[in-house]
Each structure stands twice: as C-alpha cells, then as structure tokens.
Amino acid sequence: MRPVVAALLRKDLRLELRTRESVPAMVLFSVSTFVVFRFALDRERLEGDLAAGVLWVTLLFAAVLGINRLFVAEREQGGFDGFLLAPVDRTAMFVAKALLLFGFLSAVELVAVSVYSVLLLGPSPFQAFPGLPLVLALANAGVAVVGTLVGALAVQTRARDLIVPLLALPLLLPIVIAGAEATAPLLAEGGAGALPGRWLAILGLYDVVFGLIAVAVFDFLLED
Amino acid sequence: MGPALPLDEAGAYVAAAYLVFLALILAYVGIMASKLGRIEKELTELTELAARRDADDPAREKEHA
Amino acid sequence: MYGRGLKPLSIASVAALIGAFALVFFYAPLDADQGFIQKIFYLHVPLALVALGGFVTGGVYGIKHLRSGSREHDMKSYVAIHLSIILGVATLATGMIWAKASWGAWWVWDEPTLVAFLIVFLLYACYQPLRFAIEDPDRQMRYAAVFAVIGGAFVPLCFMSVRFAQAALVHPRVLDQTGGGMPGSMFFTFLVALAGMTLLFVTLWKFELSSKHARAQLAALRRRVASA
C-alpha cells in the first residue's frame, strides 16, 4: 500500500504546486479573517480565551475551504475511475488524501499563526511552545480524517459547496472545543499556564475513533 | 437555582411542554395521513386501469374468471 | 411485511404512555427543589434518550446496509433517523420551555447536555439534504449509510467533549441522583415514561416503514401494469 499512497501523494502535491489552488487560498482567507476579527471585535490585541477562540474559528473555516477542494480534481478529471481501475487497495486513496490535508493544514497554520502573532496576539507566541504545535498536530489529524470523509461524501452530490460546511462544522465542533480549551491557557497574558492534559486526551480519542471509522467506511464511498 | 415556581405559573409551562409533544405527534399523523391518501389515489387509478384493460380484452377476463 | 404486529404495538404504546402520564401527575411526588416544573423531566428526558437511541439505531442499520447492500436496511436506517429528528425537535422545544421556567432564559449555554444535543441535532439536520442531493439511488443509499455510521459514532463523542467543557454543571440533574437522591417512585415513573416513549418510537417506525414499503410496491405494480 505504501508505494500507492506515495504515488497518489506525489501526484496531489505536484498538482498543488502547479495550480496553487488550496494552500494560498486558505492562507489568504485566514489572514483576511484575522483582519475581520480585528474590526468585528474592535480589539487590537487578544489574549487567553478570546485569542484561542479567534485562532480556532479561523483555522476551522480555512480547513473547510481545503476540504471543499480536496476531491475536485478527481471528480472533474475522472481520477476516481482511473484509481478504481487500478488493482490497488482503496484505503490508499483515503490515507493519501488525509496525509495531504494534514500537510496543507500544517502549512497553513505555520503561516497563519505567525501572522496572527504579529497582527493580533497580545502575548508572545513563543510562550506557547511546545504545547501549541502539539495541540495543532492532534487537531490536524482529526480534521484531516473527518475532512477527507466529508469531502468524499460531498463531492458526488449536487450541492457540494453547501454540503461540506453543513456537515463539517458540527462534526468538527468537538475539535474546536478541545483545541480552544487547550490553547487558552497557553496564550494567557503574563506567561503560559499548564497544558490541560484531558483536552489532549479528547483530541486523541477523537482522532482514533474517527480514524478507525474512516478506514472502515471509506471504501464504500468509492465503490461503483 | 431560584426557589420553585408557584403552581399556577409552573403549570402553564408544564402544559406547554406536553402540548408541544402532542402537537408534534398530531402533525406527524397528519403528514402520514396525507401520504396514505396518495397511496389510496394511486391504488384507485391502478384498479381503474386494470378494469379498463379487462374490458378491452375479453379473452383475459375469461382467464381471470 | 412491516405492518405485522402493528396493532398490538400501537395499543401497548398508547397504554404505556397514558399510564406514564397518569403516574407523572397523580403518583410521582413533587420535586423538593423544583416543584411542579420538574414534571417536564418525564417528557423531556425520555424524548432525548429515545432520539439519541434512534440516531444510534440508524447507524447500526447503516452498517448492516453497507454489509449487505439491501434496500430494506437502508429504509430502516433512514426512517429511524428521520423519526429521531422529529423527536429531537420535541426535545429541544421541551428543553427550552424547562430552561425558561427554571432559569428564566429560553437558552442556557452552560448546560452541556442541551448544547451537545443541539450539535448532534444540527449534524443530523444535514442528513436529508445530503441524501437528496445524490441522484443515483444505489449511491444515495450507500452515502446515507456512511453518514449514519459517522453520526452514530459522533453522538457519544460529542456528549463527552461538551460535558468536559463545562466544569460547573447546572442542568436539573435529576437523573444523576439515581441511586443517590432520586426517590424510587420518581425513578419508576421515569422508567415507565421511557418505556412508553420507546414503544411509541418503534410503533411509528414500523408504521412509516409499512407506508414506504406499500408505496414502493405500488410503484413496482404500476410499472408492471404499464409495461404489460
């Protein structure tokens, strides 16, 4: 399975490098959202709860953008048929797409968090290390798994761009709750608090449960 | 948590809650009734169709009888 | 044949529900804290539990459909989720009425069970739009089943994470006192109400399945007559 996953991943990465459709759009969207929050909240610096909330809402909506684009190339250029004709394990498609989404999210977060700490964040972002990358990685894994499922579910429907946010927002809410609760103490004014372990446990549990479900049901979304 | 509401005020809320339940069940029954009506209409049409066909084709009628 | 056994089942659910409501108003004692308003508990909590159970049942039939590909399991899953959405509306409405009466506001955010239920409800509200956005019937059934499985797993996870998010629990925690403070007579009444609500759900489920089955057969018959 590994060579298949690697081949699919290479194809998608090359496509992204050539068309630059997903990551730049997600980054641009995140930055605009920070600016929107600056004026909507009428605050120049954020810290603690509010800082964590704004960060997670922005990342969530950026992720929805990415999920929306995830399978579009396959659908528009018949990639599904080609993949189904090849004598390979179908789970490979899921693994490749989830890894791709994980990579996209991490790349977006690298830029978005830097911009965020310059534009809006009150306390220094360095106080949040190494907790913040850990929380982000756990959350990205969950978003990648659920996002791949939702993207595959929605891409064959008539109103794809409508179905994706409608399905993804409630499904990803536990991640936002756990992520925001876990990062709030890290972004507190005057030094980071302790990383709350139980939220990491919730994120981990979410990743494991949906990871298993996704591997079990993803094949049915490709079958034809 | 405040002190318990007096009975006359609480009674209205409790009645409202149970009425919401009743109203939803009745609405559901109403929708299902309209569906039953549609089934009945289709069945009538089908029966008429079958009767007309039997009238057109006497040989078949004999077969049925 | 889904209609079989529907008559005794309906009689049993009507009897159980009437019995439960009679127990609620004439037998169960007044709650020490909340007084008469606590009577909503016997309606609201069974509604919520049966709705959640229905969502999970939909997931179980979704798995069965994925394993067998049979149309029957898809119908069972669809009707269970569809009915649970209706019960979910009733749960949210009665919950809001209870919140207004106990706390003076129609909605309270520091109330984990209500919030988690809302999130689950919002997710399942997308079930029908998703289903009917897919034209190919086979794919529609398969995708709906995948959604039902994901949703069925999401229900417990969502309740867990929302419950963790609120340290201070303020829900009228009547159920938490089971074994502790809740008097046996209250618990008994609750159990009867829960049984009645479950029976009602099963009755309506079979009723709607029977109706859907009849329509499908009618359509097949019409095709046969038209082509003959």
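Above this note sits the structure.
First things first, this report covers the structure right here in the doc.

The rules behind these values
Residues numbered from 1 in each chain as written. Chains lettered and ligands numbered in written order. Predicted model: local features only at pLDDT ≥ 70, side-chain atom pairs only at ≥ 80, totals over all residues. Heavy atoms only, no water. Contact = heavy atoms within 4.5 Å. Buried area = accessible area lost by both parts, 1.4 Å probe. Salt bridge = Lys/Arg side-chain N within 4 Å of Asp/Glu carboxyl O. Polar contact = N/O pair within 3.5 Å; in protein donor to acceptor, adjacent residues only side chain to side chain. Helix = DSSP H or I, 4+ residues; strand = E, 2+ residues; numbered from the N terminus. Buried < 20%, exposed > 50% of the residue type's maximum accessible area, 1.4 Å probe, protein only. Core = buried A, V, L, I, M, F, W, Y, C linked by side-chain atoms within 4.5 Å. Phe/Tyr/Trp six-rings, centres within 6.5 Å; stacked < 30°, edge-to-face > 60°. Lys NZ or Arg CZ within 6 Å of the ring centre and 35° of its normal. Axes fitted to C-alpha atoms, helices over the stretch in contact; angles between N-to-C directions. Left-handed = near helix turned anticlockwise from the far one by under 90°. Nonpolar A, V, L, I, M, F, W, Y, C, P; charged D, E, K, R; others polar. Disulfide = S-S within 2.5 Å.

Re the interface of chain C and chain B
- Facing the 39 residues of chain C at the interface are 26 residues of chain B.
- Buried surface at the junction of chain C and chain B, both sides included, amounts to about 3000 Å², of which 75% is carbon and sulfur.
- Taken as a group, Arg-215, Leu-218 and Arg-222 of chain C account for 20% of the area that chain C buries against chain B, more than any other trio of residues on that side.
- The salt bridge partner of Arg-222 of chain C is Glu-45 of chain B, with a shortest N-O separation of 2.9 Å.
- For the pair chain C and chain B, the number of links is four residue pairs in polar contact (both at pLDDT 80 or more).
- Looking at the side of chain C that touches chain B, the elements with two or more residues in it are helix H1 (6-26), helix H2 (41-68), helix H3 (71-103) and helix H7 (184-227) of chain C.

A few points about the interface of chain C and chain A
- On the chain A side, the residues contacting the 27 residues of chain C number 29 residues.
- For the chain C and chain A pair, buried surface summed over both sides reaches about 2800 Å², with 77% attributable to carbon and sulfur atoms.
- Three residues stand out in chain C for area buried against chain A, namely Tyr-143, Ile-150 and Leu-157 of chain C, and they jointly supply 21% of the buried area on that side.
- At the surface where chain C touches chain A, the tally comes to one salt bridge.
- Taking the shortest distance from any N to any O, the salt bridge between Glu-135 of chain C and Arg-158 of chain A comes out at 2.5 Å.
- Summed over the shared surface of chain C and chain A, the result is six residue pairs in polar contact (both at pLDDT 80 or more).
- Of all the secondary structure elements, the ones that give two or more residues to the side of chain C that touches chain A are helix H4 (112-124), helix H5 (127-132) and helix H6 (137-165) of chain C.
- With 16 residues, H6 of chain C is the single largest residue contributor to the side of chain C that touches chain A.

What to know about the arrangement of the chains
- Once contacts are tallied for each of the two pairs of chains in contact, the highest total is for chains B and C.
- Taking C-alpha atoms as the reference, chain A and chain B come no closer than 25 Å and do not contact one another.

So, the pattern of salt bridges
- As enumerated under the stated definition, the model contains 13 salt bridges over all chains in all.
- Put simply, Lys-97 of chain A and Glu-74 of chain A hold a salt bridge, and the shortest N to O gap is 3.1 Å. Residue Lys-97 of chain A is located in helix H6 (residues 91-119), and its partner Glu-74 of chain A is located in helix H4 (residues 72-76); the two are separated by 23 residues in the primary sequence. The pair formed by Lys-97 of chain A and Glu-74 of chain A is uniform in burial state, with each residue classed as buried.
- Its salt-bridge partner being Asp-74 of chain C, residue Arg-131 of chain C comes within 2.9 Å of it at the nearest N-O pair.

What about the nonpolar core?
- Ranked by internal contacts, the top residues of the largest apolar core, which has 158 residues, are Tyr-116, Leu-167, Leu-172, Phe-210 and Phe-218 of chain A.
- Ignoring any residue separated from it by four or fewer positions in sequence, one finds Leu-167 of chain A in contact with Val-150 and Leu-153 of chain A together with Leu-123, Cys-126, Leu-130 and Phe-147 of chain C.

Quick look at the packing of aromatic side chains
- Counted according to the given criterion, the structure contains 19 aromatic pairs over all chains.
- Arranged with centres 4.7 Å apart and planes meeting at 45°, the rings of Tyr-206 of chain A and Phe-210 of chain A form a pair that is tilted. Placement of the pair is Tyr-206 of chain A and Phe-210 of chain A together in helix H9 (residues 197-222), with a separation of four residues, close to one helical turn.
- Of the residues examined, Tyr-206 of chain A reaches a relative accessible area of 1% and is grouped as buried.
- Look at Phe-210 of chain A and you get buried, because its relative accessible area is 1%.
- Put simply, the rings of Phe-55, Tyr-78, Tyr-124, Tyr-127, Phe-132 and Phe-147 of chain C pair up and form one aromatic cluster.
- One cation-aromatic arrangement involves Arg-38 of chain A over Phe-39 of chain A; the distance from NZ or CZ to the ring centre is 4.6 Å.
- Its guanidinium or amino end placed over the ring of Phe-71 of chain A, Lys-97 of chain A lies 5.2 Å from that ring's centre, counting from NZ or CZ.

Considering the packing of helix H2 (residues 23-41) of chain A against helix H3 (residues 48-69) of chain A
All names here are of chain A.
- Contact pair H2 / H3: the axes reach a minimum separation of 9 Å and the direction vectors enclose 145°. In the packing of H2 onto H3, the handedness of the crossing is right-handed. Where H2 abuts H3, its residues Ala-25, Met-26, Phe-29, Ser-30, Thr-33, Phe-34, Phe-37 and Leu-41 lie against Leu-50, Val-54, Leu-55, Val-57, Thr-58, Phe-61, Ala-62, Ala-63, Leu-65 and Gly-66.
- For the contact of H2 with H3, the class distribution of residues is 14 nonpolar, four polar and no charged.

Here's the deal with the state of the cysteines
All names here are of chain C.
- Per the counting criterion, the structure on display carries zero disulfides over all chains.
- Between Cys-126, a cysteine without a disulfide, and Cys-158, which holds the nearest cysteine sulfur, the sulfur-to-sulfur distance is 13 Å.
- On the basis of relative accessibility, which here comes to 6%, the residue Cys-126 falls in the buried class.

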